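Results of the structural survey
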Amino acid sequence: MSDQNEPSLISAVQAWQATQLTQEEVVTRFTSLPRDEGHVVRQAITDLLALPEVTATAAAASAGSAAPTTDAWRAELMAGRARAWNSPDPAGLLVGPTVLILTDGQRGVVISAAGTRALSGSVSASLLLLCQTIVMAQNALNEREMGTLRQQRIESASTSMSEIDIIS
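Heads up: these notes are all about the structure in this document. Keep in mind that what you see is a predicted model, and the values were worked out from it rather than measured.

Scanning the protein chain from N- to C-terminus turns up six helices and six strands. Of the regular secondary structure in the protein chain, the N- to C-terminal order runs α-α-α-β-α-α-β-β-β-β-β-α. Expressed as a percentage of contacts within the protein chain between residues at least 6 apart in sequence, the contacts between residues at least 24 apart total 58%. Only carbon and sulfur atoms are counted for the fraction: they give 57% of the accessible area of the protein chain, which is about 10,000 Å².

Structure representation (structure tokens):
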């Protein structure tokens, strides 16, 4: 591990799973990373996958652990927030009400207070695309809202200016 943030990310996840931190505190650790530090998120994924208690999603479902239903996953995603890190090391974070999903497009993990599960490559790729799409859509929405506010300010100023009497 070459970056000082890497151990703190893993330890933050483990502290959340040990009920020593809240989910939001873990999210803050990840979102405080600059957008060009996707390599740190990628390393966190690598480190999480190397932990002995990580289970594969198929194995977890067949072992009888409470595998979320499709409706539960839909609810997690619909209530979620997203963050994406840019090239050259793209990575994504989806934050649902009860889970964090980290992906680099090839590998991924679902992190909850109960444990960590590995994602398949195809799911990881789809989730990275979802993260990037959500972030792009939000940025476009923010730009449109800023444009609307800017236009309102211009219209407001021109109305105010027209109400000023000229001194002759």
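Further remarks concern helix α3 (residues 38-50). Over its 13 residues, α3 extends 19 Å from the first C-alpha to the last, a length consistent with the 18 Å expected when each residue adds 1.5 Å. Every buried residue of α3 is accounted for by Gly38, Val40, Val41, Arg42, Ala44, Ile45, Asp47 and Leu48.

Bringing the pattern of salt bridges into the picture now. For the structure shown, the criterion picks out three salt bridges. Ionic pairing is found between Arg42 and Asp104, a salt bridge with its closest N-O pair at 3.5 Å. Remark: Asp104 occurs in the loop between β4 (99-103) and β5 (108-112) and Arg42 occurs in helix α3; sequence separation between them is 62 residues. For the salt bridge of Arg107 with Asp104, the shortest nitrogen-to-oxygen distance reads 2.6 Å. Each of the salt bridges in this network shares a partner with another, and the network as a whole consists of Arg42, Asp104 and Arg107.

Moving on, we get to the nonpolar core. Counting residues in hydrophobic clusters, the biggest one holds 27 residues, and the most contacted among them are Val26, Phe30, Val41, Leu48, Leu100, Leu102 and Ile111. Only α1 (5-17), α2 (23-31), α3, β3 (91-95), β4 and β5 provide two or more residues apiece to this core. It is α1 that contributes the most residues to this core, six residues altogether. Residue contacts for Leu100: discarding those within four places in its chain leaves Trp16, Gln23, Val26, Val27, Leu93, Leu94, Val95, Val109, Val110 and Ile111. In terms of nonpolar packing, the next biggest core, distinct from the first, is built from seven residues, Leu94, Val99, Ile101 and Leu127 among them.

Here we take up unusual backbone geometry. In this structure, the amide linkage connecting Ser87 to the following residue, Pro88, adopts the cis form with an omega of 10 degrees. Here Pro88 lies in the loop between β2 (81-85) and β3. Even without being glycine, Thr19 reaches a positive phi, approximately 60 degrees. Relative to the assigned elements, Thr19 resides in the loop between α1 and α2.

For β4, the tally of buried residues reaches five of five residues, placing the bulk of the element in the interior. The alternating pattern of β4 places Val99, Ile101 and Thr103 on one face and Leu100 and Leu102 on the opposite face, and all of these are buried. Examined bridge by bridge, β3 and β4 share four bridges and lie antiparallel to one another. Counterpart to Val95 in the pairing with β4 is Leu100. Adjacent in sequence and paired antiparallel, β3 and β4 are bridged by three residues. By the bridge criterion, five bridges tie β4 to β5 in an arrangement that is antiparallel. Directly across from Leu102, in β5, lies its bridge partner Val109. Between β4 and the antiparallel strand that follows it, β5, lie four residues; Gly105 among them carries a positive phi value of about 95 degrees.

Quick notes on the rules
Residues numbered from 1 in each chain as written. Predicted model: local features only at pLDDT ≥ 70, side-chain atom pairs only at ≥ 80, totals over all residues. Heavy atoms only, no water. Helix = DSSP H or I, 4+ residues; strand = E, 2+ residues; numbered from the N terminus. Contact = heavy atoms within 4.5 Å. Areas by Shrake-Rupley, 256 points an atom, 1.4 Å probe, with all protein chains shown as cover. Expected span 1.5 Å × (residues − 1). Buried < 20%, exposed > 50% of the residue type's maximum accessible area, 1.4 Å probe, protein only. Salt bridge = Lys/Arg side-chain N within 4 Å of Asp/Glu carboxyl O. Core = buried A, V, L, I, M, F, W, Y, C linked by side-chain atoms within 4.5 Å. Pairing = 2+ DSSP bridges.

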